[in-house]
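Letter by letter, the chains look like this.
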Amino acid sequence: MAKAMGDYLIVGVHTDEITKHKGPPVFNEEERYKMVRAIKWVDEVVEGAPYITTIETLDKYGCDFCVHGDDITLDASGQDTYRYVKEAKRYKECSRTAGVSTTDLVGRMLLLTKQHHSCGEREYEVDKVQSGSISKDPSTHSPWTGISQFLPTTHKIIQFAEGKEPKPGDEIVYVAGAFDLFHIGHLNFLEKAKAEGDYLIVGLHTDPVVNHYKGCNYPIMNLHERVLSVLSCKYVNEVVIGAPYSVTADLMDHFRVGLVCHGKTPIMPDVDGSDPYTEPKSRGKFKSLHSGSDLTTQKVVERIINHRLDFEARNKKKEKKELAAYEALMKQKEVRIS
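Residues numbered from 1 in each chain as written. Predicted model: local features only at pLDDT ≥ 70, side-chain atom pairs only at ≥ 80, totals over all residues. Heavy atoms only, no water.

As annotated in an unreviewed UniProt entry, the chain is ethanolamine-phosphate cytidylyltransferase from Limulus polyphemus. Under the heading Sequence similarities (unreviewed entry), UniProt records this for the chain: "Belongs to the cytidylyltransferase family." (UniProt positions renumbered as here; feature names shortened; annotations may be inferred.)

Let us now look at helix H13 (residues 297-306). Here H13 has its buried residues at Thr297, Val300, Val301 and Ile304. One side of H13 carries all its buried residues, which in axial view fall inside an arc of 100°. (Buried < 20%, exposed > 50% of the residue type's maximum accessible area, 1.4 Å probe, protein only. Helix = DSSP H or I, 4+ residues; strand = E, 2+ residues; numbered from the N terminus. Arc of directions from axis to C-beta.)

Considering all chains together, one arrives at 15 salt bridges under this definition. Arg226 is the partner of Asp207 in a salt bridge, and the nearest nitrogen-oxygen pair spans 2.7 Å. Of this pair, Asp207 sits in helix H9 (residues 207-214) while Arg226 sits in helix H10 (residues 223-231), placing them 19 residues apart in sequence. The exposure class assigned to Asp207 is buried, which follows from its relative accessible area of 4%. (Salt bridge = Lys/Arg side-chain N within 4 Å of Asp/Glu carboxyl O.)

Read from one edge to the other, the open sheet built from five strands follows the order E7-E6-E5-E8-E9, with strand pairing classed as parallel. Only two strands of the sheet have a single neighbouring strand rather than two, namely strand E7 (238-241) and strand E9 (286-288). Taken over all neighbouring pairs, the strand axes of this sheet differ in orientation by 25° on average, direction set aside. When strand E8 (residues 259-262) meets E9, the two strands line up parallel, connected through three bridges. The residue bridging His262 from the neighbouring strand is Ser288, located in E9. (Pairing = 2+ DSSP bridges. Axes fitted to C-alpha atoms, helices over the stretch in contact; angles between N-to-C directions.)

Right, dumping it as structure tokens:
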């Protein structure tokens, strides 16, 4: 949405010192710099951007205005971090994506809930009762932070999709997996896979399939959340939603796949005990790639668990500050009306 408001998008990424204002980040600053650079709509990244956005910051990088979601962001003192650019009329707002919440994801990891990938009518329902103990202080309820239901639509997927077909003669590379809690390990792997050809297709396994080979409450993100995460990566040209676990001859022929790649993670056998990469291996079109990173989804979850108390305190503090700011905003509107 921010890119659609202009011609060139610069994204400022804060350092790890952000903990003074928001609590501990899941990914360190170097990981976040690289991950933001890999978002397909981002033209430039400013490392170590100040948490409070000023007119001087906008002028320094030649920005006409800054964009933020419609959820308020507060500094350590409880003031709006965009107050200066708002006063100068150099601020624009876009709607926050309903149902996409870091707070919710943290709750899923800490409480090991499975409702986010249940089947049938509860397929996208969030465990609001249990997650509430992580995301909300019982005495507060912020209108911005918290749990909501993610409703996937074709319009949303089209917004993220590239929409370009491979050109004649393009070398088409195929990879498949869960790509849960998209992280720097996934990014490095996709970058290397794209370098093997011209057009990269990512097959995403369904939630039950991922749960079968990963166990516990994986995937943390449901299929549609993972689709949007992967589609936002600039190295990815196309996504197969609900790809078969075993790479079949039909799949390879249909997409004209010239090479199938897999990372260094263990390859779990299919339900019948067979190697899911038998077909590409038999054609001499299989290659194992090393991402160069040892970060895995499990290690991301471990980071959260190891800092559980920090995240609980962060969420409660954030809720209280946002509620106070929201109430102040409503009072201002009431005064204007009267």
